Amino acid sequence: MTPSQTSGQLAGRVALITGAASGMGLATAERFVGEGASVVIADFNAEAGQAAADRLGPAARFTRCDVAVEDDVAAAVELAKDAFGRLDVMFNNAGIGGAFGPITEIEAEDWDRTFEVLVKGVFLGTKYAARVMIEQVEGGSIINTSSIAGQNGGGGPQAYSAAKAAVINLTKTTALELAPHSIRVNAICPGIIFTPLMHSGDEASAEALMEKMQPLPKRGEGADIAGAALWLAGDDSAFVSGESITVDGAISAAGTRVFGLMDNTKNLHRMVGMAHGTTGQPAKARRL
Ligand SMILES: NC(=O)c1ccc[n+]([C@@H]2O[C@H](COP(=O)([O-])OP(=O)(O)OC[C@H]3O[C@@H](n4cnc5c(N)ncnc54)[C@H](O)[C@@H]3O)[C@@H](O)[C@H]2O)c1
């Protein structure tokens with residue numbers, strides 16, 4: 001072991017991260033290596049993936065992988081075992097925006113590809129990682145990237161949102177199934193995270209959207225997802241399984257955004273008091 005591998009929350013652990021050539025997967029690979037883990041980066045983009053692994057040094061390996069292709073995923077898991085001897089953490093994170101447009105126009109093959117990457121990819125990652133973790137006996141942590149788009153109707157295109165909703169349920173069913181093997185399965189539901197997938201180079205529009213929608217005045221970065229993934233990967237979350245953890249600067253906390261928008265409620269933040277409804281009792285109000 002090198003000195004950097006002897007300390008840190010993930011010292012001696014081995015993680016496989018799909019989609020780790022960019023965005024939140026890359027930020028997580030960097031964080032995990034910093035915490036003492038060895039990491040396999042599995043990504044469709046060979047150039048960016050290899051460059052990331054080269055930057056991270058001997059604690060990282062790259063394999064070109066399409067998460068929708070069973071042999072590719074099986075080979076990525078094999079690489080973790082061959083290079084580092086085991087697999088403790090599987091982060092099924094790779095993703096694309098997928099099919100978009102009116103539901104009356106979407107091509108069936110685009111719908112299928114969206115589900116292949118976002119749902120079948122998580123299934124295959126779970127299948128092959130769980131086999132190794134069951135064999136190892138000590139268990140492990142599987143983390144799936146869903147989205148706030150999977151929790152409601154307004155967060156993404158139809159196929160993307162439906163696929164991310166499927167990931168939330170797959171997380172629960174596999175958490176139940178794999179619990180007897182001490183394998184925990186959890187999902188992360190990111191909000192607006194400033195990655196190339198989200199802003200497509202137009203950071204100003206992304207900033208404007210964030211200011212409009214997100215209560216917390218901070219840009220969501222890949223590092224924010226890496227922090228949640230680190231917690232789910234490590235021992236501090238040892239009793240957490242089947243959960244979907246929302247990391248969105250409180251966007252979803254706003255839920256049904258009605259309060260404060262009607263004329264009779266929009267000035268309420270400048271007043272304090274008590275409303276008694278239609279009881280006939282007078283309301284009490286004081287201007288601030
Ligand atoms: N950025 C956001 O605001 C946001 C919000 C919610 C959920 N997500 C989800 O987070 C995950 C990571 O996205 P990101 O924002 O970091 O995007 P990103 O584009 O920066 O990174 C995604 C990575 O996945 C890889 N990838 C795509 N298809 C692949 C495939 N078939 N096989 C292997 N690798 C593949 C890409 O090459 C890329 O390196 C995705 O699942 C995405 O849907 C993103």
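Predicted, not measured: the structure shown is a model, and the values here were computed from it. (Residues numbered from 1 in each chain as written. Predicted model: local features only at pLDDT ≥ 70, side-chain atom pairs only at ≥ 80, totals over all residues. Heavy atoms only, no water.)

1. Describing the packing of aromatic side chains
Here's step 1: Under the definition given, this model contains 1 aromatic pair.
Here's step 2: When the ring of W111 is compared with that of F115, the centres are 5.4 Å apart and the planes differ by 15°; the resulting orientation is stacked. With a gap of 4 residues between them, W111 and F115 both fall in helix α4 (residues 108–136), about one helical turn apart.
Here's step 3: Since its relative accessible area comes to 28%, W111 is described here as partly exposed. (Phe/Tyr/Trp six-rings, centres within 6.5 Å; stacked < 30°, edge-to-face > 60°. Helix = DSSP H or I, 4+ residues; strand = E, 2+ residues; numbered from the N terminus. Buried < 20%, exposed > 50% of the residue type's maximum accessible area, 1.4 Å probe, protein only.)

2. Re the site of the ligand
Here's step 1: With respect to spatial proximity, 30 residues lie near the ligand, and among them S22, D43, N93, Y160 and T195 are the closest.
Here's step 2: Note that an oxygen atom of the ligand is positioned 2.7 Å from one of the side-chain N or O atoms of Y160.
Here's step 3: Between the ligand and the protein, one listed contact pairs an oxygen atom with a side-chain N or O atom of T195 at 2.5 Å.
Here's step 4: Within the residue set of the shell around the ligand, elements represented by two or more residues are α1 (23–34), α4, α5 (158–178) and α6 (196–199).
Here's step 5: With 3 residues, α6 is the largest single contributor of residues to the shell around the ligand.
Here's step 6: In terms of residue class, the shell around the ligand is built from 15 nonpolar, 11 polar and 4 charged. (Near = heavy atom within 4 Å. Polar contact = N/O pair within 3.5 Å; in protein donor to acceptor, adjacent residues only side chain to side chain. Nonpolar A, V, L, I, M, F, W, Y, C, P; charged D, E, K, R; others polar.)

3. Some words on the sheet that holds strand β7 (residues 244–247)
Here's step 1: Strand order across the open sheet formed by 7 strands is β3-β2-β1-β4-β5-β6-β7, with parallel pairing between neighbours. Strand pairing shows two members of the sheet lacking a second neighbour, β3 (60–64) and β7, which therefore form its edges. Across the sheet, the mean angle separating the axes of adjacent strands is 20° when strand polarity is ignored.
Here's step 2: Across 4 bridges, the pairing between strand β4 (residues 89–92) and strand β5 (residues 140–145) is parallel. Note that in β5 the partner of M90 across the bridge is I142.
Here's step 3: Where α1 meets the sheet, it contacts β1 (14–18), β2 (38–43), β4, β5 and β6 (183–190), and its direction lies at approximately 170° from that of β1.
Here's step 4: Most of the contacts of α5 go to β6, to which it runs at about 165°, and overall it touches β5, β6 and β7. (Pairing = 2+ DSSP bridges. Axes fitted to C-alpha atoms, helices over the stretch in contact; angles between N-to-C directions. Contact = heavy atoms within 4.5 Å.)

4. Describing the packing of helix α3 (residues 70–84) against α4
Here's step 1: It is the contact of α3 with α4, at a shortest axis distance of 9 Å, that shows an interaxial angle of 35°. With respect to the hand of their crossing, α3 and α4 are arranged in right-handed fashion. Along the contact surface, α3 presents E70, V73, A74, V77 and K81, while α4 presents L124, G125, K127, Y128, A129, V132 and E135.
Here's step 2: Classifying every residue of the contact of α3 with α4 by side-chain character gives 7 nonpolar, 1 polar and 4 charged. (Left-handed = near helix turned anticlockwise from the far one by under 90°.)

5. What about the nonpolar core?
Here's step 1: Residues L16, L87, M90, M133, I142 and I183 are the most contacted members of the largest nonpolar core, which totals 32 residues.
Here's step 2: Looking at this core, the elements with two or more residues in it are β1, β2, α3, α4, α5 and β6.
Here's step 3: Each residue touching M133, except ones within four places of it in the same chain, is listed here: L87, D88, V89, M90, G139, G140, S141, I142 and I183.
Here's step 4: Core analysis: the next-biggest nonpolar cluster, separate from the first, contains 31 residues, L10, V33, I143 and I188 among them. (Core = buried A, V, L, I, M, F, W, Y, C linked by side-chain atoms within 4.5 Å.)

6. A closer look at the confidence of the model for the chain
Here's step 1: For the chain, the mean per-residue pLDDT works out to 94, and 98% of the residues sit at or above 70.
Here's step 2: Contacts of residues 1–5 to residues separated by more than four positions or lying in other chains number 7 contacts, the stretch itself having pLDDT below 50. (pLDDT = per-residue confidence, 0-100.)

7. Some thoughts on the packing of α4 against α5
Here's step 1: One way to put it is that α4 packs onto α5 with a least axis distance of 9 Å and a crossing angle of 15°. As far as their axial angle goes, α5 and α4 are roughly parallel. Regarding α4 and α5, the two cross each other, and that crossing is right-handed. Every residue of α5 that contacts α4 at W111, T114, F115, L118, V119, V122, F123, T126, A130 and I134 is listed here: Q158, A159, Y160, A162, A163, K164, A166, V167, L170, T174 and L178.
Here's step 2: Looking at side-chain class alone, the contact of α4 with α5 contains 16 nonpolar, 4 polar and 1 charged residues. (Parallel < 35°, antiparallel > 145°, perpendicular 65-115°, else oblique.)

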